[in-house]
Amino acid sequence: MIMTHLMNMTRHVSKLLAAAFLAALMALMMAIMPVFAQGMPEGAPVERVPASTSEISLTFAPLVRQASPAVVNVYTEKNVSQRGMTLEQLMFGVAPQSRVQNSLGSGVIVGADGIIVTNNHVIQGADTFRVVLSDRREYPAELLLGDERTDLAVLKINTDGRSLPVLPFADTRDAQVGDLVLAIGNPFGVGQTVTNGIISATARTDVGINDYSFFIQTDAAVNPGNSGGALVNTRGELVGVNTAIFSRTGGSVGIGFAIPAEMVKRVVDAAVNGGTFVRPWLGLAAQSVSFDIAKAQGLDRPVGVMVTEVYPDGPAERAGLRRGDLVTAIDDREVFDEKGLKFLAAIRNPGERAKLSVLRGGKAQTINVQVQPPPGATEADVVLLTNGSVFNGARVIELSPRLAEENGLDPFTRGSGIYVHSVTRGTISRNYFRPGDIIRSVNGKQTKTVKEIQDVLKANTREWDIEIERNGRVVRGTVRT
C-alpha cells in the first residue's frame, strides 16, 4: 500500500511539473513571438515556433496524400547479348544467350494524359519501359525524349482517356534556403517512401553532374532509387526532380541534389511539342569574378561574370555586349559563374529575351539579349569518309557552336579542325581515330571544312602526316599504309 501510494504521488507530481513546464514554455513563446515579428513586411506571415500542443502535433499526412499519387516507379529492361561463346556452345552449336538487365527508378506525373518525367540515367540504354502508379496500376511506356546533358527524360503512357493525378510546377525563383520540402520516391526498391527536410542551398553549380548544373540542394534523405522522384514544397508543387546525392558510402548523408522545376518544364514542353530540346545560348564566354576584379569594379563583394569572348554576330554581340563587361544578373537573378549564366539562358525558349544587368566602366545598365539556338552544323551533317585508306570509315563533321554545345565542347573552337563523330567497326580508321578527336591538319594542310579534308584525301600517297587534338592534347604522327 505504501509503495502504491508513493507511485501515485510520483505520477501526480510529474503531471504537475509537466503542466508547469508547458505553461512556462508557452509563456516564453508568447513573450518572444513579437520579437520574431519585428521587421517583417506588412501583411507577411509571421514566422514563429509552435505555441500549443496541437501545433506541435501537426503532420505532413494531408500533403503526402495530395502529392504521392503523382509519383511513380519506373522499371526498365535491357537485353544484353553474351559476348563470345563458351566451349560447350562451340562444340554443340548453341547460339549465344542473352540476358535481361533490369533497373528501377522513380518518376513524376506532370501531365494528366500520361506525361511522366524522370532522370535520363534511369532509362538510358534500356529497350523497354514500364510505369507502376502508386495504386499499383501498371502501364508500358514510350520514350518521348531523353536528354543526357540535362539528365532528364520524358515518358508517355496510354491511360485510355483516364485522367491521372499530377504535380504542378513550382516557381523555383521563389525557393529559399530553409523552405520545408518532401522527397518522394522508391529508394532501394523498398516501395514508395517519403522523407522530409529543407532546401539547404540553391543554385549549386559545382556539382559536376551535368552540363547545366544549377541544382537545388536538400537534406531530405535521398537514396539510390529516388532518382527521378519528386522534391515537393508545402503547397504540393514540384520544386525539382531528385537526381543525385553526395555520398562516400552510397547512402544518404544529407546532401541531395534536384534539377529545378523551371528546367524540367522546358524539357517536358520540348518533348510534348516536337521531341527535341533546343538549348538557346547567349553567344558569350565568361569567367567568375574574383575579389580583386570586384574591387576594381567598385563592388563590395564578388558577384557576376566577366565577359571574355563574344561570338561574332551572336546574340550577345547583336545586343551590344563587349569583352570586359561585367554581367551581374540575368532576369534579376544573380549569377556567380558561367554555368549559372548558361542555365538561366537555357530555361528560356529560343527567340525570348533575357534581361542582363551589366556593369561597364563602373556604370550599371540593362541589356536585353534575344537568346537563339547556337548556329552551325548539327549531327545531320555528318559525312562518312571513304577516300584514303587511313580515314576509311571515319564519320566527320565541321565544328560549329551548335555541335560543340551538343557534345559538351567549347563553342568558340570553330575553325580549329574537323570533329570525328564516330568510327565504323572493322575499318582501318578505328586503329587511329576515336570519337571526339579533332583532325587539325593532314600532310601539312589545315582541315577546317569537310571539303578541305576530302580534297587532301584525293592525293595519291601511302604516307599520312596527321595532327589531331584528343582530350585537350595535340598529338602528331605519321602513318604509312
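Named according to an unreviewed UniProt entry, the protein chain is Do family protease originating from Hyphomonas hirschiana VP5.

Re the overall build of the protein chain
From N to C terminus, the protein chain includes eleven helices and 25 strands. For the protein chain, contacts bridging at least 24 residues in sequence account for 58% of all contacts bridging at least 6. For the protein chain, the computed accessible surface area is about 25,600 Å², with 52% contributed by carbon and sulfur atoms.

Thoughts on the packing of aromatic side chains
Counted according to the given criterion, the structure contains five aromatic pairs. Ring geometry for Phe214 against Phe343: centres 4.4 Å apart, planes inclined by 10°, an arrangement best described as stacked. Taken together, the positions of Phe214 in the loop between strand 8 (193-204) and strand 9 (215-218) and Phe343 in helix 9 (residues 338-346) put the pair 129 residues apart, joining distant regions of the chain. The class for Phe214 is buried, based on a relative accessible area of 10%. A ring pair is formed by Phe391 and Trp464, whose centres lie 5.8 Å apart and whose planes are at 85°; its orientation type is edge-to-face. One end of the pair, Phe391, is in the loop between strand 19 (383-384) and strand 20 (394-398); the other, Trp464, is in strand 24 (residues 463-470), and 73 residues separate them in sequence.

So, the pattern of salt bridges
Applying the stated criterion to the full structure yields 20 salt bridges. Where Asp147 meets Arg279, a salt bridge forms, and the shortest distance between an N and an O atom there is 2.5 Å. In this pair, Asp147 is assigned in strand 5 (residues 138-147) and Arg279 in the loop between helix 6 (261-272) and strand 13 (284-288), connecting sequence segments 132 residues apart. Between Lys265 and Asp269 there is a salt bridge, and its shortest N-O distance comes to 3.1 Å. Of the two residues, Lys265 and Asp269 both sit in helix 6, four residues apart, roughly one turn of that helix. One continuous salt-bridge network, built from bridges that share partners, spans Arg440, Glu467, Glu469 and Arg476.

Quick notes on the UniProt feature "binding site: substrate" (unreviewed entry) in the protein chain
Those residues carrying the UniProt feature "binding site: substrate" (unreviewed entry) are Glu77, His121, Asp151, Gly225, Asn226 and Ser227 in this numbering. Beyond its immediate chain neighbours, meaning those up to four positions away, His121 contacts Asp151, Ser227 and Thr243. Position of Asp151 among the secondary structure elements: in the loop between strand 5 and strand 6 (152-157).

Observations regarding the sheet that holds strand 7 (residues 180-185)
Strand order in this closed barrel of six strands is 7-8-9-12-11-10, and the pairing throughout is antiparallel. Neighbour to neighbour, the strand axes of the sheet diverge by 45° on average, direction disregarded. When strand 9 meets strand 12 (residues 256-260), the two strands line up antiparallel, connected through three bridges. Paired with Ile216 across the bridge in strand 12 is Ala258. The strands that helix 6 touches are strand 11 (238-245) and strand 12; relative to strand 12, the one it contacts most, it runs at about 50°.

Some remarks on the nonpolar core
Counting residues in each nonpolar core, the largest one holds 66 residues, and the members touching the most others are Leu167 and Met263. Take this core: its biggest share by element is six residues, from helix 6. Those residues in contact with Leu167 that lie beyond four places of it in its chain are Ala67, Ala70, Val71, Val108, Ile109, Val110, Ala230, Val232, Gly236 and Leu238. Phe391, Ile418, Ile439 and Val450 belong to the second-largest nonpolar core, a separate cluster that totals 19 residues.

Focus on the environment of Gly229
Note that Gly229 resides in the loop between strand 9 and strand 10 (230-233). It is 5.6 Å that separates the C-alpha atoms of Gly229 and Val241, two residues lying twelve residues apart in sequence.

Remarks on the environment of Ile367
Inspection of the secondary structure assignment puts Ile367 in strand 18 (residues 363-370). As for Ile367 and Val327, which are separated by 40 residues in sequence, their C-alpha atoms are 9.6 Å apart. Residues within four places of Ile367 in sequence aside, it is in contact with Ala319, Gly320, Leu321, Ala354, Lys355, Leu356, Val358 and Arg360.

Some thoughts on the side chain of Asn73
With respect to the helices, strands and loops of the structure, Asn73 is situated in strand 1 (residues 71-81). Among residues more than four places away in sequence, those in contact with Asn73 are Leu104, Gly105, Arg130, Val131, Val132 and Asn186.

Re the environment of Gly393
Relative to the helices and strands, Gly393 is located in the loop between strand 19 and strand 20. Residue Gly393 is classed as buried on the basis of its relative accessible area, which comes to 7%. Taking the C-alpha atoms as reference, Gly393 lies 8.4 Å from Gly426; in sequence the two are 33 residues apart. Beyond its immediate sequence surroundings of up to four residues, Gly393 is in contact with Leu384, Leu385, Ser422, Val423, Thr424, Thr427 and Ser429.

What to know about unusual backbone geometry
Leaving glycine aside, a negative phi is the common case for residues, and trans is the common case for peptide bonds. One non-glycine residue with positive phi stands out, namely Asp313, at about 60°. With respect to the helices and strands, Asp313 occurs in the loop between strand 14 (305-310) and helix 8 (315-319). Classification of Asp313 as exposed rests on a relative accessible area of 53%. The phi torsion at Asn443 lies on the positive side, around 55°, for a residue other than glycine. Here Asn443 is to be found in the loop between strand 22 (438-442) and strand 23 (445-446).

Procedures and definitions
For every chain, the first residue of its written sequence is number 1, and the numbers climb from 1 along that sequence. Local features in a predicted model are, by the rule used here, given only for residues with pLDDT of at least 70; side-chain atom pairs are given and counted only at 80 or more, and totals for whole chains, interfaces and linings are based on all residues. In computing side-chain properties, one takes all heavy atoms of the structure into account and sets aside hydrogens as well as water. Numbering goes from the N terminus for both helices and strands, where a helix is a DSSP run of H or I of at least four residues and a strand is a run of E of at least two. Contact criterion: two residues are considered in contact whenever any of their non-hydrogen atoms come within 4.5 Å of each other. Only the protein chains shown count as cover for residues, and the accessible areas themselves come from Shrake-Rupley with a 1.4 Å probe. Centres within 6.5 Å make a pair out of two Phe, Tyr or Trp rings, where for Trp the six-membered ring is used; the pair is then stacked when the planes are under 30 degrees apart, edge-to-face when over 60, and tilted otherwise. Whether a residue is buried, partly exposed or exposed follows from its accessible area with a 1.4 Å probe, protein chains only, as a fraction of its type maximum: under 20%, in between, or over 50%, in that order. Criterion for a salt bridge: a side-chain nitrogen of Lys or Arg within 4 Å of a carboxyl oxygen of Asp or Glu. UniProt positions are given in the numbering used here, feature names are shortened, and annotations may be inferred rather than shown by experiment. Any two strands with at least two DSSP bridges between them are considered paired. As a rule, the C-alpha atoms of each element are fitted with a line to give its axis, helices using only the stretch in contact, and angles between N-to-C directions run from 0 to 180 degrees. Nonpolar cores are built from buried Ala, Val, Leu, Ile, Met, Phe, Trp, Tyr and Cys residues. Side-chain atoms within 4.5 Å join them into one set.

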